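# Analysis of the macromolecular model
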Amino acid sequence: MSGPNTDYDPVEVDALKPEEVEAARDAALAAIAQAADLADLKQVRTAHTGDRSPLALANREIGALPPQARKEAGQRVGQARGAVGKALAERQVVLEAEHEERMLVEETVDVTLPTDRLPRGARHPLTTGAEHIADIFVAMGWEVAEGPVIEAEWLNFDALNLGPDHPARTMQDTFWTDPEDHGLVLRTHTSPVQARTMLTRTPPIYVVCPGRVFRTDEYDATHSPVFHQVEGLAIDEGISMAHLKGTLDHFAAAMFGEGISTRFRPSFFPFTEPSAEVDLVCFVCRGAQVVTTADGVETCRTCRGEGWIEWGGCGVVNPRVLTACGVDSERYSGFAFGMGIDRTLMFRHGIEDMRELFEGDVRFTTAFGTEL
Ligand code: DAH
C-alpha cells in the first residue's frame, strides 16, 4: 500500500518562494514605471499579468499546496498581483493624460495659415444699405423711383426752383457734360427724381429714390465727387410738416434703433417752404453727449459731444415746384427729404473714412458679411 508522498513538499514550489514572487512583482513594477506610452504599457500588461506571466503561473501553482501553505502563498501572490494591478492602473491614467496633451499640441490648427477655399464675396454695404432704406419705406406702402445720373439741367435745377442765378449752378459744384450748352449735368442731388415722378404720375405719390450723385468736391475722408443720396417725396391731400416729422422719426428708429428720433432746425432750400435740417439723436450716446468707457466718462466721438447728428434736409414741397411739375398746388401738398446714404452708413457702422466705401477693397466689404 502506498502512503502519502511525504517527499513531495509543495511549499517548496520555486515559483511561490517569497523571493521569486517579490522578484516577479518588482520586475513588473519596474517595467510599468518605464513604459513610455500606452502601447508600451499594453505589452507590459501582457508580459506581467497575462496567462504566461510569472505571477499568473505562480498563482496557478497555489491550488496544489496544502491548506496552510496555500493560504500563505495565496496572500503573497495576491498582494503582488494587487500591487502590479494598481501600478498598471495608475500608469494608465498618467499615460492617457500625456497622450491627450500631446494630441492637443500635435493637432493644433493654425487658423492664420492661408486656405485654398474659394473666398465668399459680399455685397457692398452701399448696395445693402440703400436696399435696407428702401425696404423701410416699401413696408409703409411707398414705391422706389429711379432717375438717370446724367440729368437735364432743367430737372436738376429749374424745376426745383433753383433759378439760373443759384450758386449751385456755377461750375463750383456741378459737373457739366460737353458741350456745355447741351443743358445736361451729372445730377448734383436725387431731387430731380422728385420732379420726374410728379411729371409722370398723378398724386397720391409716395416714393423714395436712392441713387448716385456727383459734385466737384475734393476726395477726402468726408467728401467724394461721387456719393449717394436717398430722396423721399410724399404728395397727397392735406400733407403737412407733421407727417414729415412722423415719417422721419419712423425712418430714424427703423434705421438706428427704437428711441432714436429726429429734430428739425430751420433752414432754406429753394424747393421746400418751410425747410429744415434734420438731426438725429446720436444713437451711440442717445443724446447724452458723453459715453461711459472703461477709462471713465468721455465725450461721445460719434456726435462729437453734440448729442445730435446732422442727417439731411427736408421740408414742405414749395408750391412753385408742384406747379412746375404739373401738380395742382391748390389741391395737393407734399413733403420731401434728402439724406446722404454714405454719411448714414458711416455713422451707423463707425466708418471713419468715406474713401473706404469707394475703394473696392474686398477686405472692407467682406467685414459686412453676406447680407442679402
Ligand atoms: N437736395 C438737397 C441736397 O442735395 C437735399 C434735400 C433737402 C432734399 C431738402 C430734399 C429736401 O428733398 O426737401 O442738399
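What this report covers is the structure whose coordinates are included nearby. (Residues numbered from 1 in each chain as written. Predicted model: local features only at pLDDT ≥ 70, side-chain atom pairs only at ≥ 80, totals over all residues. Heavy atoms only, no water.)

A word on the sheet that holds strand β10 (residues 308–317). In spatial order, the strands read β1-β4-β5-β11-β10-β7-β6; together these seven strands make up an open sheet with mixed pairing. Where the open sheet ends on each side, the last strands, each with one partner, are β1 (143–144) and β6 (262–269). Direction of pairing for β10 relative to strand β11 (residues 333–340): antiparallel, over a ladder of five bridges. Bridge pairing in β11 places Gly313 opposite Gly338. (Pairing = 2+ DSSP bridges. Helix = DSSP H or I, 4+ residues; strand = E, 2+ residues; numbered from the N terminus.)

Here we come to the nonpolar core. One finds Phe251, Trp311 and Phe337 to be the most contacted residues of the largest nonpolar core, which totals 43 residues. Of all the elements in the fold, those that place two or more residues in this core are α5 (125–138), β4 (205–214), β5 (226–236), α8 (241–256), β7 (272–281), β10, β11 and α10 (341–349). Among the elements that make up this core, the one with the highest residue count is α8 (six residues). If you look at the next biggest cluster of nonpolar residues, it comprises 25 residues, including Ala159, Leu160, Met198 and Tyr332. (Core = buried A, V, L, I, M, F, W, Y, C linked by side-chain atoms within 4.5 Å. Buried < 20%, exposed > 50% of the residue type's maximum accessible area, 1.4 Å probe, protein only.)

Turning our eyes to something else, we now look at the pattern of salt bridges. In the structure shown here, the tally under the stated rule is 14 salt bridges. In this structure, Arg169 engages Asp158 in a salt bridge whose closest nitrogen and oxygen atoms are separated by 2.9 Å. Taken together, the residues Arg169 in the loop between α6 (153–156) and β3 (184–186) and Asp158 in the loop between α6 and β3 connect sequence positions 11 residues apart. Overall, Asp158 belongs to the partly exposed group, its relative accessible area being 28%. When the shortest N-O distance is used, the salt bridge between Asp279 and Arg265 registers 2.7 Å. Of this pair, Asp279 sits in strand β7 while Arg265 sits in strand β6, placing them 14 residues apart in sequence. (Salt bridge = Lys/Arg side-chain N within 4 Å of Asp/Glu carboxyl O.)

Around the ligand, a shell composed of 15 residues is seen, among which His189, Gln194, Arg215, Gln229 and Glu231 lie nearest. Note that an oxygen atom of the ligand is positioned 2.5 Å from one of the side-chain N or O atoms of Glu231. For the ligand, the accessible surface in isolation is 350 Å², of which the surrounding protein chains cover 89%. Of all the secondary structure elements, the ones that give two or more residues to the shell around the ligand are β5, β10 and β11. In the shell around the ligand, the residues fall into five nonpolar, eight polar and two charged. (Near = heavy atom within 4 Å. Polar contact = N/O pair within 3.5 Å; in protein donor to acceptor, adjacent residues only side chain to side chain. Areas by Shrake-Rupley, 256 points an atom, 1.4 Å probe, with all protein chains shown as cover. Nonpolar A, V, L, I, M, F, W, Y, C, P; charged D, E, K, R; others polar.)

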